[in-house]
Amino acid sequence: MEANLPKRKETRKSLRIKVISMGNAEVGKSCIIKRYCEKRFVPKYLATIGIDYGVTKVQIRDREIKVNIFDMAGHSFFYEVRNEFYKDTQGVVLVYDVGQKESFDALDTWLAEMKQELGPHGNMENIVFVVCANKIDCTKHRCVDESEGRLWAESRGFLYFETSAQTGEGINEMFQTFYSAIVELCDNGGKRPTSSMSAGFTKEQADTIRRIRSSKDSWDMLGVKPGATRACLLSTAAGTERKDSGRHPLADDCLVSRRDEVNKAYRKLAVLLHPDKCVAPGSEDAFKAVVNARTALLKNIK
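Residues numbered from 1 in each chain as written. Predicted model: local features only at pLDDT ≥ 70, side-chain atom pairs only at ≥ 80, totals over all residues. Heavy atoms only, no water.

S.K.: Outline the overall build of the chain, supporting the account with residue identities and numerical values.
M.R.: Across its full length, the chain carries 12 helices and 6 strands. Out of the 302 residues belonging to the chain, those deemed buried represent 44%. The contacts of the chain with a sequence gap of at least 6 include a subset with a gap of at least 24, amounting to 73%. For the chain, the computed accessible surface area is about 17100 Å², with 50% contributed by carbon and sulfur atoms. (Helix = DSSP H or I, 4+ residues; strand = E, 2+ residues; numbered from the N terminus. Buried < 20%, exposed > 50% of the residue type's maximum accessible area, 1.4 Å probe, protein only. Contact = heavy atoms within 4.5 Å. Areas by Shrake-Rupley, 256 points an atom, 1.4 Å probe, with all protein chains shown as cover.)

S.K.: I'd love a proper account of the side chain of Ser-103, names of residues and values included.
M.R.: As for its placement among the helices and strands, Ser-103 is situated in helix H3 (residues 101-105). A distance of 3.0 Å separates a polar atom in the side chain of Ser-103 from the backbone nitrogen of Asp-97. If we skip the residues at most four places from it in the chain, Ser-103 touches Asn-24, Val-27, Tyr-96 and Asp-97. (Polar contact = N/O pair within 3.5 Å; in protein donor to acceptor, adjacent residues only side chain to side chain.)

S.K.: Kindly report on the sheet that holds strand E1 (residues 15-22), identifying the contributing residues and their values.
M.R.: In any sheet, the strands associate via hydrogen bonds between backbone groups, in a parallel or an antiparallel arrangement. An order of E2-E3-E1-E4-E5-E6 is seen for the 6 strands of this open sheet, with the pairing classed as mixed. Two strands bound the open sheet, and with one partner strand each, they are strand E2 (51-59) and strand E6 (159-162). This sheet shows a mean twist of 20° between the axes of neighbouring strands, independent of strand direction. Here strand E4 (residues 91-97) runs beside strand E5 (residues 128-134); their pairing, made up of 7 bridges, is parallel. Bridging from a neighbouring strand, Gly-91 pairs with Val-128 of E5. (Pairing = 2+ DSSP bridges. Axes fitted to C-alpha atoms, helices over the stretch in contact; angles between N-to-C directions.)

S.K.: So, the side chain of Thr-89: which residues are in play, and what are the values?
M.R.: With respect to the helices and strands, Thr-89 occurs in the loop between helix H2 (79-82) and E4. Since its relative accessible area comes to 7%, Thr-89 is described here as buried. In terms of polar contacts, Thr-89 uses its side chain to reach the backbone carbonyl oxygen of Tyr-86, at 2.8 Å. When sequence neighbours within four positions are dropped, the list of residues in contact with Thr-89 reads Lys-18, Ile-20, Met-114 and Ile-127.

S.K.: Account for the packing of aromatic side chains, naming residues and giving values.
M.R.: One pass over the full model with this rule turns up 11 aromatic pairs. Ring plane angle 65° and centroid distance 5.9 Å describe the contact between Trp-152 and Phe-158, whose orientation is recorded as edge-to-face. In terms of burial, Trp-152 and Phe-158 fall into one category: buried. Following the ring pairs from residue to residue traces out a cluster consisting of Tyr-96, Phe-104, Phe-129, Trp-152 and Phe-158. Here Lys-18 stacks its cationic end above the ring of Phe-70, 5.1 Å away from the centre of that ring. Looking at Arg-294, its charged tip hangs above the ring of Tyr-266, at a distance of 4.7 Å from the centre. (Phe/Tyr/Trp six-rings, centres within 6.5 Å; stacked < 30°, edge-to-face > 60°. Lys NZ or Arg CZ within 6 Å of the ring centre and 35° of its normal.)

S.K.: Quick rundown of unusual backbone geometry? Include the residues and the values.
M.R.: Keep in mind that most residues, glycine aside, have a negative phi and that most peptide bonds are trans. Positive phi, normally seen in glycine, also occurs at Glu-26, with a value near 70°. By the secondary structure assignment, Glu-26 is in the loop between E1 and helix H1 (29-38). Phi is positive for Asp-88, which is not a glycine, with a value near 60°. Tracing the backbone through its elements, the reader meets Asp-88 in the loop between H2 and E4.

Next comes the structure, spelled out in structure tokens:
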């Protein structure tokens, strides 16, 4: 008779994890944590002094997770306080303000600081990172678009979410995905699964998109050395002997060479960034920019 009784569902052992927040001052790290843990938003800015510590419990896949959260101050003069808290971390919430480009540019500096404090035996490959593009409610002041932030995160194998601590947008989804990834890491012996580290695009594609974003003109965008226009070449060739119909063979030969150079550079970038072949964030805009740059240059070289 006992054999027919339904089996009791085994209760999985609770898991304790350590999570830290990183990012410049005033990007909203504490507000994100408060929004998730306390379901409230604090509009008045209160600077974190050194470290704020909190504990919360969450349920992930029918398993109780005890989360120790260390909210680290973003000001540089608190470095001597926060440098002791990088070790034994399973997850990092890396935050920047979409309206402050400098906070986005500082993300690499934060990673470098953590790597330095973990030392030669520390392995950042086995830590789950989630990048929060925060304050998306402030649309008028936004200067870092989604594709730029997503490209930075995903090219490093990091999670990426658009969040607003003020409205709560993206906060719950971000933490649920973040904690699930940490549980998966712990169940995998403390190593990130290979699938979660794959960006789906190459470093070359990511670097090319960044270069195109920061290019100063069409020549720079295509990676071609600036060349002379037809007018300039005609002026240079003015002293040479003209052949039939007043043409300047030297100028014409140079223009053909420049057109070929532009087309060759364009074809290389088109193969790399074509939306049908590249899934990197921002690849479609980068491809359109390359097409426009080629058109502009060829028009100028006629």
